[in-house]
Amino acid sequence: MPATDLHALLRTLRVWPPDATELRPFDPAAAPADPLVLFARWFADAVAAGQPEPHTMSLATTDADGRPDARIVMLHGADADGWAFASHATSRKGRQLAALPYAALVLYWPVLGRQVRVRGPVEAAPSGEGQADLHARSTGALAAALTGRQSEPLDSLGTLERRSREAWEQADSDPRTPAPTWTLYRLRPTEVEFFQGDPDRRHVRLRYETREDGSDGTGADGGGWRRVLLWP
């Protein structure tokens, strides 16, 4: 089999093809004072536009040596308490957040040429909230959490299959089984940036930054938000 010419393949690809993308106008002057309001609108737009898995997002953390790490996780909610996601406290991301409780999120919705970036400190929710969030989800989600040992070395796929089968049986027989290390995290944003793609490459970037005087809407920790336009 001939080797793939990655660079040639990349040159054949387009960003936001017109037959699959709707680049909508975005007037930052009409944006609400609270970024959470705009996020809820944009999220609903992405769902209505048929964006696959609009609730998936990149989560970036940093280890104790300052080296960045990133992976895809699921958004579990966004409200006045922050943007929520979950993982095992013993996983790599859990250990990194314990060492440096600060993170960044990116949600990308290519059907609309939109992305949202969120950055701020992260707190672990009380254990009861994490377990309640887990038990409100599917049997598969509980089984995956009960399989446990996330990010640890695995000796074989056979071992994973056996442990997963046991976890599925447990989740089916007792949907309230606790997963002790499963943790709900909340990122309380200090910055939220909205990016709207433009067919003429005049992309609109609007960043919300927390401010102390509270004169421009209500933001994280009861402070206000300042809105800043950015060059694309």
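Basis of the calculations
- As a convention, each chain's residues are numbered from 1 in the sequence order in which they are written.
- Given that the model is predicted, a residue must reach a pLDDT of at least 70 before its local features are reported, and side-chain atom pairs must reach 80 or more before they are shown or counted; all residues, however, enter totals for whole chains, interfaces and linings.
- By convention in this description, side-chain values take in all heavy atoms of the structure and omit both hydrogens and water.
- To qualify as a helix, a DSSP run of H or I must reach at least 4 residues; to qualify as a strand, a run of E must reach at least 2; elements of each kind are numbered from the N terminus.
- Burial classes: relative accessible area under 20% of the type maximum marks a residue as buried, over 50% as exposed, and values in between as partly exposed (1.4 Å probe, protein chains only).
- By definition in these notes, contact holds between two residues if any of their heavy atoms fall within 4.5 Å.
- Calculation of accessible area relied on Shrake-Rupley with a 1.4 Å probe; when residues are assessed, cover is drawn exclusively from the protein chains displayed.
- In this tally Asp and Glu are treated as negative and Lys and Arg as positive; neither His nor the chain ends contributes.
- Where a charge lies is defined by one atom per residue type, namely NZ (Lys), CZ (Arg), CG (Asp) and CD (Glu).
- Fitting a line to C-alpha atoms yields each axis, with helices limited to the stretch in contact; the angle taken between N-to-C directions then spans 0 to 180 degrees.
- Orientation categories follow fixed angle ranges, with anything under 35 degrees roughly parallel, anything over 145 roughly antiparallel, 65 to 115 roughly perpendicular, and all other angles oblique.
- A crossing counts as left-handed when the near helix is turned anticlockwise from the far one by less than a right angle, and as right-handed when that turn is clockwise.
- For this analysis, a nonpolar core means a set of buried residues of the types Ala, Val, Leu, Ile, Met, Phe, Trp, Tyr and Cys, connected via side-chain atoms within 4.5 Å.
- pLDDT is defined as a per-residue confidence score from the predictor, taking values between 0 and 100.
- Patch members must show over 30% relative accessible area and no salt bridge, and they are joined within 9 Å when carrying like charges or within 5 Å when they are nonpolar side chains of Val, Leu, Ile, Met, Phe, Trp or Tyr.
- Counted as salt bridges are all cases of a side-chain nitrogen of Lys or Arg within 4 Å of a carboxyl oxygen of Asp or Glu.

Draft legend 1. Representation of the overall build of the protein within the structure. On a plain count of helices and strands, the protein comes out with 6 helices and 10 strands. On the principal axes, the C-alpha backbone points of the protein span a range of 60 × 55 × 40 Å. Burial statistics for the protein: of 232 residues in total, 38% are counted as buried. Of the contacts made within the protein by residues no fewer than 6 positions apart, 64% connect residues no fewer than 24 positions apart. Per element, the accessible surface of the protein, about 13,300 Å² overall, is 55% carbon and sulfur. Within the protein, the 31 negative side-chain charges are centred at a point lying 4 Å from the centre of the 27 positive side-chain charges.

Draft legend 2. Main features of the environment of Arg163. Within the element layout of this structure, Arg163 appears in helix α6 (residues 157-173). Expressed as a C-alpha distance, the spacing of Arg163 and His135, which sit 28 residues apart in the sequence, is 20 Å. Aside from chain neighbours lying at most four places away, what touches Arg163 is Leu146 and Thr147.

Draft legend 3. Highlighting the packing of helix α5 (residues 139-147) against α6. Following both chains from N to C, one finds α5 and α6 inclined at 130°, their axes separated by 8 Å at the closest point. As the angle between them shows, α5 and α6 are arranged oblique. With respect to the hand of their crossing, α5 and α6 are arranged in right-handed fashion. Two secondary-structure elements touch here, α5 through Thr139, Gly140, Leu142, Ala143, Leu146 and Thr147 and α6 through Leu160, Arg163, Ser164, Ala167, Trp168, Gln170, Ala171 and Asp172.

Draft legend 4. Structural context of α5. Those residues of α5 that fall on the buried side of the exposure criterion are Leu142, Ala143, Ala145, Leu146 and Thr147. If you follow the buried residues of α5, they end up packed against β4 (82-88), α4 (127-135), α6 and β7 (182-187). Phi turns positive one or two residues past the end of α5, at Gly148, with a value near 65°.

Draft legend 5. Quick look at the nonpolar core. One finds Phe39, Phe85, Leu105, Val116, Val192, Phe194 and Tyr208 to be the most contacted residues of the largest nonpolar core, which totals 28 residues. Of all the secondary-structure elements, those providing two or more residues to this core are α2 (35-48), β1 (56-62), β4, β5 (102-109), β6 (114-124), β7, β8 (191-196) and β9 (204-211). Among all residues touching Val192, those that are not within four sequence positions of it are Pro35, Trp83, Val116, Arg117, Val118, Leu206, Arg207, Tyr208 and Trp225. Counting 13 residues, the second-largest nonpolar core is a separate cluster that includes Ala86, Ala145, Ala171 and Ala179.

Draft legend 6. Layout of the confidence of the model for the protein. On average, residues of the protein score 93 in pLDDT, and 94% of them reach the 70 mark or higher. Note that residues 213-222 has pLDDT below 50 and, in this model, 22 contacts with residues that lie over four places away or in other chains.

Draft legend 7. Structural context of a nonpolar patch on the surface. A surface patch of nonpolar side chains, about 400 Å² in accessible area, is lined by Leu6, Leu9, Leu10 and Leu13. Looking at the secondary structure, you find Leu10 in helix α1 (residues 6-11). For Leu10, a relative accessible area of 49% translates into the label partly exposed.

Draft legend 8. Layout of the environment of Phe26. As for its position among the elements, Phe26 is in the loop between α1 and α2. Overall, the relative accessible area of 14% leaves Phe26 in the buried class. Residues Phe26 and Leu75 lie 49 residues apart in sequence; the distance between their C-alpha atoms is 24 Å. If we ignore the near neighbours within four places in the chain, the residues touching Phe26 are Leu38, Trp42, Gln196, Val204 and Leu206.

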